[in-house]
Amino acid sequence: MMKLLRTFIFGLFLGLATHVNAALEIEISGGGAQQIPIAILPFGKSPEVPAKDNLHEIIAADLQRSGLFRALETRGMANLPTSVTQVKYPEWAALQAQAMTVGEIRPLGAGKFNVHVQLLDVLKQGILADVDYQATTGQFRHTAHKISDMIYKKLTGENGFFSSRIAYVNKSGKRYALMVADADGYNPQPLVSSNEPIISPAWSPNGEKMAYVSFEKKKPIVFVQSLNTGERKIVANFKGNNSAPAWAPDGSKLAIVLTYGANSQIYTINEDGSGLKQITKSNAIDTEPVFSPDGNWIYFTSDRGGRPQIYKVAASGGEPARVTFEGAYNVSPRFSPDGKSLAYIRNDGGKFRVATQDLPSGQVQLLSEGSQDESPSFAPNGRVILYATKLRGRGTLAAVSADGKVRQRLSESSGDVREPAWGPTLK
Amino acid sequence: MLKPLNSKLILVAVASALLVACKSTPMADKPAAVEDKSPSAATKPADGASTADTSGVKEVVVDSNANNAGNNPLKDPNNILSKRNIYFDFDSDIVKAEFRPLVEAHAKYLLANGNAKVILQGNTDERGTREYNLSLGQRRSVAVKKSLNLLGVQDKQIETVSYGEERATQNCADENCFQPNRRVDIVYEGE
């Protein structure tokens with residue numbers, strides 16, 4: 001099965017982790033055999049450019065974290081060109097780089113900068129991409145993530161996920177905070193805080209809003225909050241529980257779970273609380289709904305067969321059909337963005353682990369090694385699955401590549417971290 | 001048996017470090033802070049007022065809850081109505097026979113006090129996922145509701161909710177630790 005190949009913490013990451021805004025420390029283990037060796041050279045820049053945002057370090061860390069790249073150490077190199085015209089390719093071929101980037105940051109005045117980057121093919125000695133980005137001083141990290149996405153796309157043919165964000169709940173003492181951070185764990189910002197539990201954050205498809213469950217009124221109630229304005233609205237506060245929000249892919253409505261005076265059942269509702277419609281009608285527990293990416297199905301957890309398994313029902317309602325058959329306990333379904341794979345939590349002999357199921361073939365793969373793993377969610381490109389785990393009794397976040405080869409742990413410096421949700425890529 | 005629910009949570013709180021939020025830069029707007037408006041928080045100023053007094057004059061706090069405590073059967077430690085926890089076996093929502101007198105006493109009180117409303121809060125231990133545990137806890141609160149219904153209490157006096165595993169003891173190693181988490185708490189509206 002998945003064996004831990006090696007565990008190493010890159011000095012590079014340690015350096016970044018001491019950054020004042022870094023809350024999630026990232027530790028990587030394992031790695032694919034087919035990693036692309038790439039040299040990300042320091043950007044040429046004038047003194048006005050803030051030193052703390054070293055774009056090349058951010059980009060190298062992004063690419064390394066994906067498991068598909070090996071960022072090469074460039075500090076010992078005699079020549080560090082900032083433009084293709086200065087590049088002596090044999091020096092970089094000797095370092096075994098297959099690709100490299102050179103670039104410079106030029107002030108445009110009024111706090112604006114132009115970031116120019118060239119992605120080079122070392123073996124063919126040619127330019128793969130030549131791109132300009134504009135950034136203000138506060139946008140260098142974001143620009144670095146966009147450059148990482150560009151490199152990832154050029155060299156793998158797939159979209160990157162570096163300029164996306166993640167949400168999670170931090171519990172420090174008796175205080176709960178729903179946090180939003182960059183995909184690399186930087187810039188953590190609280191969205192809402194409470195001394196009652198907050199669970200089940202769900203990003204709207206456009207990344208502008210968050211649905212979540214708050215117990216602030218001594219019962220679970222579903223809220224939706226705008227990330228930018230902080231405007232906060234109750235979506236569902238019916239008698240009994242209101243929980244497990246999931247957005248339809250077009251953002252038009254949410255699936256939620258209500259109980260009234262009985263067991264959990266799945267409903268759909270508009271964001272403004274109108275248009276409530278019951279989707280499942282059973283005497284069992286029906287919960288954890290999630291829409292398929294085409295919007296046609298709602299997959300959910302149900303114990304209608306005795307033990308909890310994953311079922312699907314047409315998004316407009318109807319007769320549910322069972323989806324998982326292996327194992328006695330399968331819960332928390334989440335779709336890959338292409339709709340072809342389902343991640344969920346399996347209780348495997350008392351160990352709760354992340355599994356994926358290829359939907360066309362039904363083939364199941366166990367991906368995580370923890371014993372209390374929860375809340376899987378896919379990166380926007382489907383390549384990585386983020387989940388909650390426990391390390392020495394403390395809640396922390398972990399990620400595993402969808403092929404199971406690369407693992408990461410993201411731990412916050414304080415508190416218990418849980419309920420992660422990976423958001424869409426930012427524009 | 002009736003240990004205060006929060007005792008373990010408070011221990012956790014002591015060990016807490018700085019909120020990560022403190023060192024981060026805020027978003028465009030401030031995060032929505034949610035205040036605790038719980039009755040327990042509301043009664044705290046009563047204690048605070050007397051200890052904060054520096055003039056040597058002891059302040060007497062006349063607080064409606066404190067005043068009623070002596071007469072309120074729900075608060076009287078000698079009255080079975082002050083017992084509010086119903087415990088369950090593993091993976092079970094069956095209300096055990098030993099809790100029948102407790103359920104009957106609350107049913108009697110609700111029948112005699114038609115304006116009283118009770119909130120049944122289901123709980124589970126920490127094993128399993130949060131949303132599924134929320135549903136499992138709900139099943140337990142519904143089981144207690146059905147027991148009350150059988151004794152004649154109407155649904156309009158009962159709300160069933162669940163906290164799932166949110167109030168469960170963390171990192172349990174054995175059944176002695178798991179067991180007290182599998183329960184329904186009976187809370188009267190306004191408490």
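Our subject is the structure listed above.
Residues numbered from 1 in each chain as written. Chains lettered and ligands numbered in written order. Predicted model: local features only at pLDDT ≥ 70, side-chain atom pairs only at ≥ 80, totals over all residues. Heavy atoms only, no water.

**Remarks on the side chain of A:S302**
All names here are of chain A. By the element assignment, S302 lies in strand β21 (residues 297-302). Of note is the side chain of S302, whose polar atom sits 3.1 Å from the backbone oxygen of I285. A polar side-chain atom of S302 sits 2.6 Å from a polar atom in the side chain of D286. Among residues more than four places away in sequence, those in contact with S302 are A284, I285, D286, R307, P308, Q309 and Y311. (Helix = DSSP H or I, 4+ residues; strand = E, 2+ residues; numbered from the N terminus. Polar contact = N/O pair within 3.5 Å; in protein donor to acceptor, adjacent residues only side chain to side chain. Contact = heavy atoms within 4.5 Å.)

**With respect to the nonpolar core**
Burial of nonpolar side chains together is a common tendency in soluble globular proteins. In terms of nonpolar packing, the biggest core is built from 43 residues, with A:L55, A:I59, A:I147 and A:I151 touching the most fellow members. Broken down by element, this core gets its largest block of residues, six residues, from helix α4 (residues 140-156) of chain A. Filtering out sequence-adjacent residues up to four positions away, A:I147 remains in contact with A:F43, A:L55, A:I59, A:V115, A:V117 and A:Y133. The next biggest cluster of nonpolar side chains, apart from the first, holds 22 residues, and it includes B:A107, B:V153, B:I158 and B:V184. (Core = buried A, V, L, I, M, F, W, Y, C linked by side-chain atoms within 4.5 Å. Buried < 20%, exposed > 50% of the residue type's maximum accessible area, 1.4 Å probe, protein only.)

**What about the pattern of salt bridges?**
Residues and elements named next belong to chain B. Counting across every chain of the model gives 29 salt bridges over all chains. The closest approach of N and O atoms between K96 and D89, which form a salt bridge, is 2.9 Å. K96 sits in the partly exposed class, given a relative accessible area of 21%. Between D125 and R182 there is a salt bridge; the shortest N-O distance is 3.5 Å. A residue pair is termed long-range when its members are at least 10 positions apart, and D125 in the loop between β3 (118-123) and α5 (130-150) and R182 in the loop between α6 (175-178) and β5 (183-188) qualify at 57 residues. (Salt bridge = Lys/Arg side-chain N within 4 Å of Asp/Glu carboxyl O.)

**Quick word on the sheet that holds strand β12 (residues 198-203) of chain A**
Residues and elements named next belong to chain A. With antiparallel pairing, four strands are arranged side by side in an open sheet as β12-β13-β14-β15. Edge positions in the sheet fall to β12 and β15 (232-236), since each has one partner strand and no second. Averaged over all adjacent pairs, the angle separating strand axes in this sheet is 25°, with direction ignored. Note that strand β14 (residues 221-226) and β15 share four bridges and pair antiparallel. If you follow Q225 over to β15, its bridge partner there is R232. (Pairing = 2+ DSSP bridges. Axes fitted to C-alpha atoms, helices over the stretch in contact; angles between N-to-C directions.)

**A closer look at α5(B)**
For α5(B), built from 21 residues, the straight-helix expectation of 30 Å at 1.5 Å per residue is met to within 8% by its first-to-last C-alpha distance of 30 Å. Note on α5(B): the residue one or two positions beyond its end, B:G152, has a positive phi of about 100°. (Expected span 1.5 Å × (residues − 1).)

**Considering the state of the cysteines**
Disulfides are covalent bonds that link the sulfur atoms of two cysteine residues. Residue and element names in this part refer to chain B. Applying the stated rule across the entire model yields one disulfide over all chains. Across the disulfide from C172 sits C177; the S-S distance is 2.0 Å. Here C172 and C177 share a disulfide; its torsion about the S-S bond, -65°, makes the bridge left-handed. (Disulfide = S-S within 2.5 Å.)

**Side note on the sheet that holds strand β24 (residues 330-335) of chain A**
All names here are of chain A. Here we have four strands laid out as an open sheet, ordered β24-β25-β26-β27, and antiparallel in their pairing. Single-partner strands in this sheet number two, and they are β24 and β27 (364-366). For this sheet the average axis-to-axis angle between neighbouring strands, irrespective of direction, equals 25°. Alignment of β24 against strand β25 (residues 341-348), held across four bridges, turns out to be antiparallel. Note on β25: the bridge partner recorded for V331 is I345.

**Overview of empty space enclosed by the protein**
Residues and elements named next belong to chain A. According to the stated counting rule, one finds three cavities of 30 Å³ or more in the structure shown. Its volume calculated, the second largest cavity comes out at about 70 Å³. For the second largest cavity, the full set of lining residues is R65, I166, A183, V384, L386, A399, Q408, L410 and W422. Those elements giving two or more residues to the lining of the second largest cavity turn out to be β29 (384-391) and β31 (406-412). In terms of residue class, the lining of the second largest cavity is built from seven nonpolar, one polar and one charged. (1 Å grid on protein atoms, 1.4 Å probe; cavity = no way out; pocket = protein on both sides within 12 Å on 5 of 7 lines; lining within 4 Å. Points joined across faces, edges and corners; volume = space filled by probe spheres on them. Nonpolar A, V, L, I, M, F, W, Y, C, P; charged D, E, K, R; others polar.)

**What to know about the packing of aromatic side chains**
All names here are of chain A. As enumerated under the stated definition, the model contains 16 aromatic pairs over all chains in all. Centroid distance Y260 to Y267: 6.0 Å. Interplanar angle 70°. Geometry classified as edge-to-face. Chaining the aromatic ring pairs together yields one cluster made of F69, Y152, F161, F162 and W422. Between the NZ or CZ atom of R141 and the centre of the ring of Y186, over which it lies, the distance is 3.7 Å. Positioned above the aromatic ring of Y311 is the side chain of R304, whose terminal nitrogen or guanidinium carbon lies 5.5 Å from the ring centre. (Phe/Tyr/Trp six-rings, centres within 6.5 Å; stacked < 30°, edge-to-face > 60°. Lys NZ or Arg CZ within 6 Å of the ring centre and 35° of its normal.)

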